[in-house]
Amino acid sequence: MTENDALNQLRQQLNALDAQLIPLLEQRLAVVQQVGNVKAAAGLPANDPQREQVIIERLAQQVTEKTFTPAMTQIYQGIFAAAKDMERVIIKQEEAK
Ligand SMILES: C=C(O[C@@H]1C=C(C(=O)O)C=C[C@H]1O)C(=O)O
């Protein structure tokens, strides 16, 4: 197998994994949208660092390959940032009403 074949095969594995991840991330964003609606109604801020800390600690327990923990934490920090941006849009829309 050439190096190019190996790269293509690995990228196909990534494509298959992404095909599983994307619908799950979409489901997560749909729940985040609902959280944004609840926070907007309750006057709560998007950012909840304590809750994020709990998620980060749980993922550190769940990750079986411990050398992946920093990368996984980084991924989740990106997820939190995107979630909070979405929530802030919802909260702002509610405040403008
Ligand atoms: C979704 C929430 O809002 C924010 C986003 C989080 C997330 O994406 O899991 C966690 C905490 C909050 O900073 C929440 O408060 O549960």
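Relevant structure appears above.
In this text the structure is predicted, and so the values were computed from the model without any measurement.

Conventions we followed
Residues numbered from 1 in each chain as written. Predicted model: local features only at pLDDT ≥ 70, side-chain atom pairs only at ≥ 80, totals over all residues. Heavy atoms only, no water. Helix = DSSP H or I, 4+ residues; strand = E, 2+ residues; numbered from the N terminus. Buried < 20%, exposed > 50% of the residue type's maximum accessible area, 1.4 Å probe, protein only. Near = heavy atom within 4 Å. Polar contact = N/O pair within 3.5 Å; in protein donor to acceptor, adjacent residues only side chain to side chain. Areas by Shrake-Rupley, 256 points an atom, 1.4 Å probe, with all protein chains shown as cover. Phe/Tyr/Trp six-rings, centres within 6.5 Å; stacked < 30°, edge-to-face > 60°. Expected span 1.5 Å × (residues − 1). Contact = heavy atoms within 4.5 Å. Salt bridge = Lys/Arg side-chain N within 4 Å of Asp/Glu carboxyl O. Core = buried A, V, L, I, M, F, W, Y, C linked by side-chain atoms within 4.5 Å.

### Examining the environment of Val54
- Structurally, Val54 is set in helix H2 (residues 49-62).
- Owing to a relative accessible area of 44%, Val54 belongs among the partly exposed residues under this scheme.
- With 32 residues separating them in the primary sequence, Val54 and Met86 have C-alpha atoms 21 Å apart.

### Some words on the site of the ligand
- Around the ligand there are 13 residues in total, and Arg28, Lys39, Asp48, Glu52 and Glu87 lie nearest to it.
- The side chain of Arg28 places a nitrogen or oxygen atom 2.8 Å from an oxygen atom of the ligand.
- Glu87 has a polar side-chain atom sitting 2.7 Å from an oxygen atom of the ligand.
- Protein burial of the ligand: of its 360 Å² of free accessible surface, 91% is covered by the chains.
- Among the secondary structure elements, those contributing two or more residues to the shell around the ligand are helix H1 (3-42), H2 and helix H3 (69-95).
- Broken down by element, the residue count for the shell around the ligand peaks at four residues, all from H3.

### Some thoughts on the packing of aromatic side chains
- Under the defined criterion, the tally for this structure stands at one aromatic pair.
- Considering the side-chain rings of Tyr76 and Phe80, the 5.9 Å spacing of their centres and the 65° angle between planes classify their relative orientation as edge-to-face. Placement of the pair is Tyr76 and Phe80 together in helix H3, with a separation of four residues, close to one helical turn.

### Examining H3
- Taking 1.5 Å as the rise per residue, H3 with 27 residues should run 39 Å; its terminal C-alpha atoms sit 38 Å apart, in good agreement.
- Within the sequence span of H3, burial applies to Thr69, Thr73, Ile79, Phe80, Ala83, Lys84, Glu87, Ile90 and Ile91.
- Summarising the contacts, the buried residues of H3 are in contact with H1 and H2.

### Points about the pattern of salt bridges
- The full count for this structure, using the stated rule, is four salt bridges.
- Two residues, Glu87 and Lys39, come together in a salt bridge whose shortest N-O distance is 3.0 Å. Remark: Lys39 occurs in helix H1 and Glu87 occurs in helix H3; sequence separation between them is 48 residues.
- With a relative accessible area of 5%, Glu87 lands in the buried category.

### Here we look at the nonpolar core
- With five residues, the main nonpolar core is built from Ile55, Ile56, Leu59, Val63 and Phe80.
- With three residues, H2 is the largest single contributor of residues to this core.
- Look past the residues within four positions of Val63 in its chain and what remains in contact with it is Phe68, Thr69 and Met72.

### Let's talk about H2
- The terminal C-alpha atoms of H2, which comprises 14 residues, lie 20 Å apart, in line with the 20 Å expected from a rise of 1.5 Å per residue.
- Packing partners of the buried residues in H2 comprise H1 and H3.

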